[in-house]
Amino acid sequence: MTSEHALSSDGASLARSGRSDKDGARHAERRRSLDEEVFVAFGALDRELFGQVSADAAAWNRSGGARVATLLGAILTHVAARGLDAVHVLNMSGLNQGKPDPVLFDLAARELGPRRLSWTVVDHPQSQTFTDPTIRGWLDARGIARIGEDFRDPDLSVAEGCADVVLCTEILEHLDYTVAMRLLRRCQRALRPGGLLIITTPNAVCIEHRIRFALGHWDFLHFMDDPDDVERGLLGHIMYYDGARLTRVLRSLGFGPVRASTFNAGHGPGEYRNPLTRAAAIALRALSWLLPRSGQVLLVCAEKPAGP
């Protein structure tokens, strides 16, 4: 495993840690166990929310393990590196049908201890985070606070210097560039000195995109971007980044060390449509190990300078 791919749950890549093959096998087993734990936990949330787990939901839940494990690894690594006695996480990117914050919170609390961890979610006041009683119950049971704000609002306000870790996950691709830059500025202001911003977003130069670009395809990247979607404020993927672009932008915004890597997280329901799509997905993941910066998901960790 290279630094271009997912962080392990203990926050270090196999290549950087120099582990033996036996250590690597143990890590792989722990990772499979964590992936399965997340899959089961997501399914339990779906059953509580919808009464069942649809085939599509199960496919997306299967890819959730890689995302949650990567975020968990980044958070735990930062806490250990900074020697934090307590950590406050601020999610500036909202929830997706109540996920993944409750599961990520439970895993982080298990590692850190619940008294060391506090959590706040910023989401649209009309989102399920506020309107669905089941999701509110999940958050209340864990003491996860909620702030009702619209990411597109120029007056979006979050307390300065309130967070050790800010999550900005799977949101930048839905925002036009001006709004995205405004959000990143607010993320920086929300961080304490030495705090960590964690970003995930689709990787513009993942192996699948490179192949499609070579074949002259481009529009496949975008969806829910018609004028009517814009008027309703319901945008799909409209903006893409690679590691070099986000690193440059974050440094321009005043962040200190910026580390970009990529990882794979599955293709959702499309991967399991038939044996051919399943084989293609497996082949794409295998190819991504050969080419740097070609995993599906871009992970960027950027630190706010600790002092003047």
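It should be noted that the structure appears before, not after, this text.
Cut-offs and rules
- Residues numbered from 1 in each chain as written.
- Predicted model: local features only at pLDDT ≥ 70, side-chain atom pairs only at ≥ 80, totals over all residues.
- Heavy atoms only, no water.
- Helix = DSSP H or I, 4+ residues; strand = E, 2+ residues; numbered from the N terminus.
- Rg over C-alpha atoms; globule rule 2.2 N^0.38 Å.
- Buried < 20%, exposed > 50% of the residue type's maximum accessible area, 1.4 Å probe, protein only.
- Contact = heavy atoms within 4.5 Å.
- Areas by Shrake-Rupley, 256 points an atom, 1.4 Å probe, with all protein chains shown as cover.
- Lys, Arg positive; Asp, Glu negative; His and termini not counted.
- Charge placed at Lys NZ, Arg CZ, Asp CG, Glu CD.
- Patch = residues over 30% accessible without salt bridge, like charges linked within 9 Å, V, L, I, M, F, W, Y side chains within 5 Å.
- Salt bridge = Lys/Arg side-chain N within 4 Å of Asp/Glu carboxyl O.
- Core = buried A, V, L, I, M, F, W, Y, C linked by side-chain atoms within 4.5 Å.
- Phe/Tyr/Trp six-rings, centres within 6.5 Å; stacked < 30°, edge-to-face > 60°.
- Lys NZ or Arg CZ within 6 Å of the ring centre and 35° of its normal.
- 1 Å grid on protein atoms, 1.4 Å probe; cavity = no way out; pocket = protein on both sides within 12 Å on 5 of 7 lines; lining within 4 Å.
- Points joined across faces, edges and corners; volume = space filled by probe spheres on them.
- Nonpolar A, V, L, I, M, F, W, Y, C, P; charged D, E, K, R; others polar.

Draft legend 1. View of the overall build of the protein chain. When its secondary structure is counted, the protein chain shows 11 helices and 7 strands. Taken against the 2.2 N^0.38 rule, which gives 19 Å for 308 residues, the C-alpha radius of gyration of the protein chain at 19 Å falls within 12% of a compact globule. With the principal axes as the frame, the protein chain shows a C-alpha extent of 55 × 50 × 45 Å. A burial count over the protein chain gives 49% of its 308 residues as buried. In the protein chain, the share of contacts with a sequence separation of at least 24, taken over all contacts with a separation of at least 6, comes to 79%. On the protein chain, roughly 14,500 Å² of surface is accessible, and the fraction owed to carbon and sulfur atoms is 54%. Once the 36 positive and 37 negative side-chain charges of the protein chain are each reduced to a mean point, those two points are 6 Å apart.

Draft legend 2. Main features of a negative patch on the surface. The grouping of Asp219, Asp225, Asp226, Asp228 and Glu231 at the surface amounts to a negative patch. Considering the arrangement of structural elements, one finds Asp219 in the loop between helix H8 (207–214) and helix H9 (227–232). Using a relative accessible area of 57% as the deciding quantity, one classes Asp219 as exposed.

Draft legend 3. Summary view of the environment of Val258. Relative to the elements of secondary structure, Val258 occurs in strand S6 (residues 258–263). Among the residues examined, Val258 registers a relative accessible area of 11% and is labelled buried. Through-space distance from the C-alpha of Val258 to that of Val87 is 20 Å; in sequence the pair is 171 residues apart. Sequence-distant contacts of Val258, that is, excluding residues within four places in its chain, are made with Thr247, Leu250, Arg251, Val300, Cys301 and Ala302.

Draft legend 4. Molecular detail of the nonpolar core. Among the nonpolar cores identified, the biggest contains 41 residues, and Ile75, Val87, Leu104, Leu117, Trp119, Leu167 and Ile198 are the most heavily contacted of them. For this core, the element with the highest residue contribution is helix H3 (residues 55–82), accounting for 9 residues. Judged by nonpolar contacts, the second largest core, of 34 residues, contains Met92, Leu156, Leu175 and Val300.

Draft legend 5. Quick peek at the pattern of salt bridges. In total, this model carries 14 salt bridges according to the counting rule given. For Glu37, the salt bridge is made with Arg110, and the minimal N-O distance between the two is 2.7 Å. Of the two residues, Glu37 sits in helix H2 (residues 21–50) while Arg110 sits in helix H4 (residues 101–112), which places them 73 residues apart along the sequence. A residue is classified by how much of its surface remains accessible, and Glu37, at 32% relative accessible area, is partly exposed.

Draft legend 6. Structural detail: the packing of aromatic side chains. Counted according to the given criterion, the structure contains 3 aromatic pairs. Each ring, one from Phe105 and one from Trp119, has its centre 5.8 Å from the other, and the planes form 75°; the classification is edge-to-face. Placement of the pair is Phe105 in helix H4 and Trp119 in strand S2 (residues 117–123), with a sequence separation of 14 residues. No difference in accessibility class separates Phe105 from Trp119, as the two residues are buried. A ring pair is formed by Phe213 and Trp218, whose centres lie 5.7 Å apart and whose planes are at 40°; its orientation type is tilted. Judged by its relative accessible area of 31%, Phe213 falls in the partly exposed class. Following the ring pairs from residue to residue traces out a cluster consisting of Phe213, Trp218 and Phe220. Over the aromatic face of Phe220 sits the side chain of Arg212, whose NZ or CZ is 4.4 Å from the ring centroid.

Draft legend 7. Quick peek at empty space enclosed by the protein. Inspection of the entire model under this criterion finds 1 cavity of 30 Å³ or more. Taken as a whole, the largest cavity holds about 40 Å³ of empty space. In this structure, the largest cavity is lined by Cys206, Ile207, Glu208, Asn264, His267, Leu284, Arg285, Ser294 and Gln296. Secondary-structure elements contributing two or more residues to the lining of the largest cavity are H8 and helix H11 (275–288). For the lining of the largest cavity, the class distribution of residues is 3 nonpolar, 4 polar and 2 charged.

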